[in-house]
Structure formats: structure tokens, C-alpha cells
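Notes for the structure review
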Amino acid sequence: MLPGPVFNFELMATARRSRFYLVRAFYGAVLLVILWGVHSAWTSETGGELSSQMVSWFAFSTFCGITIGQEILGLVLTPALVAGVIADEKQRKTLHYLMASRLTSAEIVLGKLLVRMLYVAVLLGVSLPVLSLLVLFGGVDPRLVLLSCGATLSTGWFL
């Protein structure tokens, strides 16, 4: 039965851990560095003035840079966030309490996995406002933004 008690407990515990605040801040900082790098490359090349045609190309190149960075960060952060879930229970010496409960193994593992994958989706939500604002510059289709976020989520899920 999902979401079960393991899902609810992990959701509350994950929201309160300070390292997850740091991961979100790191993720946002990397995306801002990518945005700054693309912007500085364009302004140094054009002298600071962009025509309307160049603004759409700037938006598309920024979109490509952020999407590639988002995919790389997803590939790096997803295993780091998901891999240690059961190991944390063993380290805190609470795994045997979970195994002795009436919960099935699938409820325990899937509950913990779904919470961490929900957190990966929250990380994707950090980049979604920036990608959505790039749509206003032109050159980026809104469906392309949704497809890139969906591709990163599916990559994280199958990873």
C-alpha cells in the first residue's frame, strides 16, 4: 500500500535534513554559473548589444547549456541521493526494526525510493523557472522545456 508509513516518515525526515538544503543550493548555484557563463560568452562576443534575432539564439544556447548541466547533475546526484537509503538505516541501527515490522520488503524499498525520486523531481523544479523564462525570449519551444525535464526525470528513474 503506497504511500505507506515508510513513505510518510521518509518524506518528513528528508525535508528536515540540512544536507538536502545544501544539495538544492549547490544545484541552483551550478545552474546560475552555467547561465552566467553563457551570458558572459555572448556579451564578450557581441559587445553587450543583442538584436532580436540574437536574443532568440542566446535563449536557445542558454537552454542547451542548462539542459546539459541539468542532465549531468541528474546523473551525478541521483545515485548519491538514492544509494545510501538502506545503508543509512543500517548505520542508524534501525533496519532490523523495519524488517521485524509487518511491512513487506517492497513497501520499505519502494517507499524510500519514491521519496528520494520525489526529491530529484524537486531538484528539477529548481531549474524549471529559469527554463520557462527562456521561452519568453523566443527560440525555445515550451514543449522542449517539458521534454528536457521529462528526459532528466526518466534518466534519474532508470538510473
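Overview of the structure.

Reading the values: rules and limits
- Residue positions are given per chain, counting from 1 as you read along its sequence in written order.
- Per-residue local features are limited, in this predicted model, to residues with pLDDT of at least 70; the limit for side-chain atom pairs, both in listing and counting, is 80 or more; totals at the level of whole chains, interfaces and linings are taken over all residues.
- Values shown for side chains rest on all heavy atoms present in the structure; no hydrogens or waters enter the calculation.
- Strands are runs of DSSP state E lasting at least two residues, helices are runs of H or I lasting at least four, and both sets are numbered from the N terminus onward.
- C-alpha atoms define the radius of gyration in this analysis, and the globule rule sets the expected value at 2.2 Å times the number of residues to the power 0.38.
- For the exposure calls, accessible area comes from a 1.4 Å probe over protein chains only, and a residue counts as buried if that area is under 20% of its type's maximum, exposed if over 50%, partly exposed in between.
- Working rule for contacts: check all heavy atoms of both residues, and any pair within 4.5 Å makes them a contact.
- Surface accessibility in these figures is a Shrake-Rupley result with a 1.4 Å probe; residues are shielded only by whichever protein chains are displayed.
- Charged residues are defined here as Lys and Arg on the positive side and Asp and Glu on the negative side; His and the ends of the chain fall outside this count.
- Here the site of a charge means atom NZ of a Lys, CZ of an Arg, CG of an Asp or CD of a Glu.
- Salt bridges are defined by distance alone: a side-chain nitrogen of Lys or Arg within 4 Å of a carboxyl oxygen of Asp or Glu.
- One fewer than the residue count of a helix, multiplied by 1.5 Å, yields its expected span.
- Here the bend at each residue means the angle between axes fitted to two seven-residue stretches, the one ending at that residue and the one beginning there.
- Here the aromatic set is Phe, Tyr and Trp, taking the six-membered ring for Trp, and pairing holds for ring centres within 6.5 Å; pairs whose planes are under 30 degrees apart are stacked, those over 60 apart are edge-to-face, and all others are tilted.

Now for the overall build of the chain. If you tally the helices and strands in the chain, you get seven helices and zero strands. Secondary structure elements in the chain, listed N-terminal to C-terminal, are α-α-α-α-α-α-α. A compact globule built from 159 residues would reach a C-alpha radius of gyration of about 15 Å, whereas the chain, at 20 Å, exceeds it by more than 25%. Taken along its principal axes, the extent of the C-alpha atoms in the chain is 65 × 25 × 20 Å. Here the chain holds 159 residues, and 33% of them are scored as buried. Within the chain, residue pairs in contact and separated by at least 24 positions form 80% of the contacts whose partners lie at least 6 positions apart. In the form shown here, the chain has an accessible surface area of approximately 9500 Å², with 72% of it arising from carbon and sulfur atoms. Here the chain contributes 11 positively and 8 negatively charged side chains, and the mean placements of these two sets differ by 17 Å.

Right, let's talk about the side chain of Thr-14 for a bit. Its place among the elements puts Thr-14 in helix H1 (residues 5–16). Not counting the four nearest positions on each side in its chain, Thr-14 is found in contact with Phe-20, Val-115 and Arg-116.

Within the structure shown, the criterion is met by two salt bridges. Residue Glu-10 pairs with Lys-112 through a salt bridge whose shortest N-O separation is 2.7 Å. Of this pair, Glu-10 sits in helix H1 while Lys-112 sits in helix H6 (residues 105–137), and the two are 102 residues apart along the sequence. Looking at Glu-10, the relative accessible area reads 1%, which means it is buried.

Attention shifts here to H6. Along its 33 residues, H6 runs 49 Å from first to last C-alpha, staying within 8% of the 48 Å computed at 1.5 Å per residue. Helix geometry: H6 is bent most strongly at Ser-127, by close to 35°, with proline Pro-129 lying one to four residues after it. Note on H6: the residue one or two positions beyond its end, Gly-138, has a positive phi of about 90°.

Below, the discussion takes up the packing of aromatic side chains. With the rule as written, the count across this model stands at three aromatic pairs. When the centroid spacing of 6.0 Å and the interplanar angle of 80° are considered together, the rings of Trp-42 and Phe-58 count as edge-to-face. Highlighted residues: Trp-42 in helix H2 (residues 18–46) and Phe-58 in helix H3 (residues 52–82), separated in sequence by 16 residues. Taken as a pair, Trp-42 and Phe-58 share a single burial class, namely buried. Centre to centre, the rings of Trp-57 and Phe-60 are 6.4 Å apart; their planes meet at 90°, and the pair counts as edge-to-face. Taken together, the residues span about one helical turn, with Trp-57 and Phe-60 both in helix H3 at a distance of three residues.

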